[in-house]
Amino acid sequence: VTTLRHAFKEAEIAREGLSKLLNNAPVAIALLEGPEHRFTLANNSYLNLFGFRDIIGKPLREVALRSDSPGIISEVFQTGVGHVENEFFVTRRDG
């Protein structure tokens, strides 16, 4: 039991460290989960870059800035093959 508690504590510390690293990264990072591509994480850089607020738990189709985003993400999710774009134009949600 003590070993299990210690392992859980170490896992929690590691999770908190990773969360801080991702949230404070100077690049936009978002994590999506499942076939609906629900946001499970969006760091401050991501939120500020695109003008989003309160997107955690929402599916990509509700907040996508580009109409082709859900299709691109679905293809990556289904095939496991990455999609790379060097640049693209978006309009921020807040103007």
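Residues numbered from 1 in each chain as written. Predicted model: local features only at pLDDT ≥ 70, side-chain atom pairs only at ≥ 80, totals over all residues. Heavy atoms only, no water.

1. Observations concerning the environment of Ala30
Alright, step 1. One can find Ala30 in strand S1 (residues 30–33).
Alright, step 2. Of the residues examined, Ala30 reaches a relative accessible area of 27% and is grouped as partly exposed.
Alright, step 3. Along the backbone, Ala30 and Leu47 are 17 residues apart, and their C-alpha atoms lie at a distance of 9.0 Å.
Alright, step 4. Excluding residues within four positions of it along the chain, Ala30 makes contact with Phe39, Leu41, Ala42 and Tyr46. (Helix = DSSP H or I, 4+ residues; strand = E, 2+ residues; numbered from the N terminus. Buried < 20%, exposed > 50% of the residue type's maximum accessible area, 1.4 Å probe, protein only. Contact = heavy atoms within 4.5 Å.)

2. Examining the nonpolar core
Alright, step 1. Membership of the largest hydrophobic core is limited to ten residues, which are Phe39, Ala42, Tyr46, Leu47, Phe50, Phe52, Ile55, Leu60, Val63 and Ala64.
Alright, step 2. Looking at this core, the elements with two or more residues in it are strand S2 (38–42), helix H2 (44–50) and helix H3 (60–63).
Alright, step 3. The element that contributes the greatest number of residues to this core is H2, accounting for three residues.
Alright, step 4. Excluding residues that lie within four positions of it along the chain, Ile55 makes contacts with Phe39, Ala42, Tyr46, Leu47 and Val63. (Core = buried A, V, L, I, M, F, W, Y, C linked by side-chain atoms within 4.5 Å.)

3. What to know about the pairing of S2
Alright, step 1. Of the pairings in the sheet, the one linking S1 to S2 comprises four bridges and is antiparallel in character. Looking at the pairing, Ala30 lines up with Ala42 of S2.
Alright, step 2. Connecting S1 to the next strand, S2, in antiparallel fashion are four residues, including Gly34 with a positive phi near 75°. (Pairing = 2+ DSSP bridges.)

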